[in-house]
Amino acid sequence: MTRTGMHMVRKGFSFEGPANGVHALKSWITPEDDLFLVTHMGFLNIDPDHWHLDVDGLVGNPTRLRLSDLQAMPQREYMSFHECAGSPLAPTVAKRRIGNVVWKGVPLSLVLERAKISTEASYVWTSGLEWGEYADIEEAYQKDLPIGKARAEEVLLALEINGQPLTAARGGPVRLVVPGWYGTNSVKWVGSITAANRRASGVYTTRFYNDPAPSGGKPVWSVAPESVIVSPSPNDLLLADVPTKIWGWAWGDVKISTVEVSVDGGGSWQRATVGPRNDRSWQLFELPWTPVSGQHVLLCRCTNEVGEGQPPSAARNAVHSVQIQVSI
Ligand SMILES: Nc1nc2c(c(=O)[nH]1)N[C@H]1C(S)=C(S)[C@@H](COP(=O)(O)O)O[C@H]1N2
Ligand SMILES: [Mo]
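Residues numbered from 1 in each chain as written. Chains lettered and ligands numbered in written order. Predicted model: local features only at pLDDT ≥ 70, side-chain atom pairs only at ≥ 80, totals over all residues. Heavy atoms only, no water.

Turning next to the site of ligand 1. Near ligand 1 lie 19 residues; those nearest to it are His 40, His 82, Glu 130, Arg 175 and Lys 188. Between ligand 1 and Arg 170 there is a distance of 2.9 Å, counted from an oxygen atom to a side-chain nitrogen or oxygen. Residue Lys 188 places a side-chain N or O atom 2.5 Å away from an oxygen atom belonging to ligand 1. Looking at the shell around ligand 1 element by element, the count peaks at three residues for strand E3 (residues 37–39). Of the residues assigned to the shell around ligand 1, the class counts are eight nonpolar, seven polar and four charged. (Near = heavy atom within 4 Å. Polar contact = N/O pair within 3.5 Å; in protein donor to acceptor, adjacent residues only side chain to side chain. Helix = DSSP H or I, 4+ residues; strand = E, 2+ residues; numbered from the N terminus. Nonpolar A, V, L, I, M, F, W, Y, C, P; charged D, E, K, R; others polar.)

Below is the structure:
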């Protein structure tokens, strides 16, 4: 299938990220080159002149917006961590696909108002324009948001990342971004928005990205507290009795209040200092450390302001560990 002004490249699922994983993430704002990329069906290239967005469903004023229409609307910047939940086929495996970026775009709420969204709408569905197969299923990448989140000030139809226009691989010319929620919700190559009074019924909202829960599936929405050790990395040469620092990033939909670090494989824990948060950015944590020689397993774990922490294992936000060799 082809559509005017659009073509698919590198078909099929793909993931790209920095070669040394989280240890590459040394700056507060993650440069594009170090920010992971994920796509289920392949990458879509869209001619910006052909791009448009249809807003329909439970709206008083069905609307078609072109790129120039969005560019003429008020825009805002929002800093946020950006995290992939990992494979929907292996939801308890921690993948640590994370970065911290500044998005810029038109608040989704303004577009919903312009289309005169009905008071009966309780969900907003968004669809990507790409096509292809994932897990042997050929279906549009459609996601949904409950109306409260869809109207939240941080949810944007983004045109830029870190001050640059979105590239095709990043979902340009326009993608949805849902700060605080897992990356799966931030629909790339967005082409339609539908206001509805129920959840979307496609595979990406019913079968994939639902965690097992006693009441049925729990949608993969709000990001659970998580933290990673950036430094030291397993490749670093550390010397005994030389003071160093263990540091990394902690994040979650809810602000992180404490981070603890263990230098003995979880036997004992020490409080690290935790830095501020800007919008929904990640937060820096640090702990001074003067190691003794030998093998060490370093761990970090965080707690958010409502008291939620990280499970030790078997979860996408399980505690992160790093093995370090310290020489005499
Ligand atoms: N249209 C579309 N949007 C999508 C996806 C996709 O396959 N198609 N993948 C989602 C997933 S799982 C993630 S983690 C993020 C990745 O965004 P990034 O590649 O900019 O990091 O996009 C989300 N949006
Ligand atoms: Mo993802």
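What follows continues from the structure just given.
We now examine the pairing of strand E25 (residues 283–289). Because side chains alternate across E25, one face comprises the buried residues Gln 283, Phe 285, Leu 287 and Trp 289, and the other comprises Leu 284, Glu 286 and Pro 288, none of which is buried. With two bridges connecting them, strand E24 (residues 273–274) and E25 associate as antiparallel partners. The residue bridging Val 274 from the neighbouring strand is Phe 285, located in E25. (Buried < 20%, exposed > 50% of the residue type's maximum accessible area, 1.4 Å probe, protein only. Pairing = 2+ DSSP bridges.)

Attention now goes to the packing of aromatic side chains. Per the counting criterion, the structure on display carries 10 aromatic pairs. Ring centres of Trp 28 and Trp 249 lie 6.2 Å apart, and the angle between their planes is 45°; on these two criteria the pair is classed as tilted. Placement of the pair is Trp 28 in the loop between strand E2 (14–16) and E3 and Trp 249 in strand E21 (residues 244–251), with a sequence separation of 221 residues. Of the residues examined, Trp 249 reaches a relative accessible area of 3% and is grouped as buried. Measuring from centroid to centroid gives 4.6 Å for Tyr 141 and Tyr 204, while their planes differ by 50°, and the two rings are tilted. Here Tyr 141, found in the loop between strand E11 (137–138) and strand E12 (142–146), pairs with Tyr 204, found in helix H4 (residues 203–206); they are 63 residues apart in sequence, far enough to count as distant. A residue is classified by how much of its surface remains accessible, and Tyr 204, at 1% relative accessible area, is buried. Lying over the aromatic face of Phe 15, Arg 97 brings its terminal NZ or CZ to 4.1 Å of the ring centre. Cation over ring: Arg 301 sits above Trp 269, and NZ or CZ is 3.8 Å from the ring centre. (Phe/Tyr/Trp six-rings, centres within 6.5 Å; stacked < 30°, edge-to-face > 60°. Lys NZ or Arg CZ within 6 Å of the ring centre and 35° of its normal.)

Before going further, it helps to examine the domain arrangement of the protein chain. Taken domain by domain, the protein chain consists of domain 1 (6–219) and domain 2 (226–327). The centre of domain 1, based on its C-alpha atoms, is set 30 Å off from the matching centre of domain 2. The interface of domain 1 with domain 2 comprises 29 residues on the first partner and 28 residues on the second. For domain 1, the biggest contributors to the area lost against domain 2 are His 23, Trp 28 and Arg 96; these three give 27% of the whole. If you look at where domain 1 meets domain 2, you find three salt bridges. The salt bridge involving Arg 280 is made with Glu 154; its shortest N-O contact spans 3.5 Å. (Domains from an automatic or database assignment. Contact = heavy atoms within 4.5 Å. Buried area = accessible area lost by both parts, 1.4 Å probe. Salt bridge = Lys/Arg side-chain N within 4 Å of Asp/Glu carboxyl O.)

Of the consecutive residues Gly 172 and Pro 173, the connecting peptide bond is found in the cis state with omega at 10°. Residue Pro 232 is reached from Ser 231 by a cis peptide bond, and omega for that bond is 5°. The topology assignment puts Pro 232 in the loop between strand E19 (226–231) and strand E20 (238–239). A positive phi angle is found at Asn 162, which is not glycine, with a value near 45°. Along the chain, the position of Asn 162 falls in the loop between strand E13 (156–161) and strand E14 (164–165). Within the chain, Asp 241 stands out as a residue other than glycine whose phi angle is a positive 65°.

Pairing in this open sheet of five strands is mixed, and the strands run E6-E5-E16-E9-E12 from one edge to the other. Across the chains shown, the open sheet's two edge strands, defined by having one partner strand only, are strand E6 (63–66) and E12. Averaged over all adjacent pairs, the angle separating strand axes in this sheet is 20°, with direction ignored. The pairing of strand E5 (residues 52–57) with E6 spans four bridges and is classified as antiparallel. If you follow His 52 over to E6, its bridge partner there is Arg 66. (Axes fitted to C-alpha atoms, helices over the stretch in contact; angles between N-to-C directions.)

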